[in-house]
Amino acid sequence: MRRHAGLGLCSACWHWQRHPDRPFVRAENLIAELAEPPDWLRDFTADFAAKYCVSRPYTMITSLGRLLLDEQSNRPQALLERSRRSGRSMGSLARALEAFFTGHSMAMATDQAERLAAGRRQRRIDAVPEPLRTMVDAFADFMLRSRERARRAGTRPRSDGTVEAALAIMRDLARFLAGERGKQDWALTDVHDVEAFLAGSPQARKRRLVVLGQFFRFARSQKVTLHRSSGGTEGAVNRIKKIKRQPYGRAGFELLRKLILLQ
């Protein structure tokens, strides 16, 4: 009695809580309570009891009982969705059910990882100053669409970490523009702003430069360009390239010169 007095338990109660049959007894009691007990419940109990100490399976079976008794669908997929907790972790019960159901081909895996990644992306977008946020949000959608195209094409898609790192860089740039350069519009951003931002972290310059190149190419496609951009020059170059293709083999500088002047 003295050994367990600190826990308020007698020896009989203490040994019962550690008894290996305790989860199975709880499962049998739950089966007796249910009008239509699922045929997988005993297998789930045995699977879980084999992996953990006695008290944890007992607690999980008790939590599972509350879900099975709530008069909603007890199909494995529906049960798995109801067992999930909101927040960063789906919860111990949901993880145990997911492992068991997917391992026995009874349900599909949840999208917990994608939900967490979506939350991380949204937090980075929300941290962008409001006047600059819309374009960063659109850039995030563009990266996700590009990733889906890469998956369908069988090429290597961007990982969640790559997308999140790119959004973090755009968040930092937007804060720099709004806080230190006093600019509230991407169209007012010039090369000097970008160079000042890159100079703030020389170690990350290469990675930042890659992301900024991707962003401003996307911004240009959305008719948002850098101040003093080379858009006019690039347009003229493209027009000349088009003219060069028209003669169909008739070469010569004079002919090209006349075509450019005429057009």
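Fair warning: this is a prediction, and the values are worked out from it, not measured in the lab.

Trainee: Tell me about the overall build of the protein, residues and numbers included.
Mentor: Along the backbone of the protein there are 13 helices and zero strands. Moving toward the C terminus, one meets the helices and strands of the protein in the order α-α-α-α-α-α-α-α-α-α-α-α-α. Within the protein, buried positions represent 33% of all 263 residues. Long-range pairs, those at least 24 residues apart, make up 53% of the contacts in the protein with a sequence separation of at least 6. Here the protein displays about 16400 Å² of accessible surface, and carbon together with sulfur accounts for 52% of that area.

Trainee: Could you give an account of the packing of aromatic side chains, naming the residues involved and the relevant values?
Mentor: Per the stated rule, a full pass over the model turns up 15 aromatic pairs. For the pair F139 and F215, a centre-to-centre distance of 5.3 Å together with 90 degrees between the ring planes defines the contact as edge-to-face. Residue F139 is located in helix α8 (residues 130-153), and its partner F215 is located in helix α11 (residues 205-221); the two are separated by 76 residues in the primary sequence. Across the pair, exposure class does not vary: F139 and F215 are buried alike. Plain terms: the ring middles of F176 and F197 are 5.9 Å apart, the flat faces sit at 50 degrees to each other, and that makes the pair tilted. Here F176, found in helix α9 (residues 160-180), pairs with F197, found in helix α10 (residues 191-199); they are 21 residues apart in sequence, far enough to count as distant. For F197, a relative accessible area of 5% translates into the label buried. Here the guanidinium or amino end of R22 rests over the ring plane of Y58, the centre of that ring lying 3.7 Å away. The ring of Y52 carries the charged tip of R56 above its face, separated from the ring centre by 4.4 Å.

Trainee: Quick one: what's the story with the pattern of salt bridges, residue by residue and with numbers?
Mentor: Side chains bearing opposite charge may pair, as long as their charged atoms lie close to each other. In the structure shown here, the tally under the stated rule is 15 salt bridges. R42 serves as the salt-bridge partner of E28, at 2.8 Å between the closest nitrogen and oxygen. One end of the pair, E28, is in helix α2 (residues 22-33); the other, R42, is in helix α3 (residues 41-49), and 14 residues separate them in sequence. A residue is classified by how much of its surface remains accessible, and E28, at 36% relative accessible area, is partly exposed. Its relative accessible area of 48% is what places R42 among the partly exposed residues. The shortest N-O distance in the salt bridge between R171 and D172 comes to 3.1 Å.

Scoring rules and cut-offs
- Residues numbered from 1 in each chain as written.
- Predicted model: local features only at pLDDT ≥ 70, side-chain atom pairs only at ≥ 80, totals over all residues.
- Heavy atoms only, no water.
- Helix = DSSP H or I, 4+ residues; strand = E, 2+ residues; numbered from the N terminus.
- Buried < 20%, exposed > 50% of the residue type's maximum accessible area, 1.4 Å probe, protein only.
- Contact = heavy atoms within 4.5 Å.
- Areas by Shrake-Rupley, 256 points an atom, 1.4 Å probe, with all protein chains shown as cover.
- Phe/Tyr/Trp six-rings, centres within 6.5 Å; stacked < 30°, edge-to-face > 60°.
- Lys NZ or Arg CZ within 6 Å of the ring centre and 35° of its normal.
- Salt bridge = Lys/Arg side-chain N within 4 Å of Asp/Glu carboxyl O.

By themselves, these are just geometric observations and shouldn't be taken as functional.
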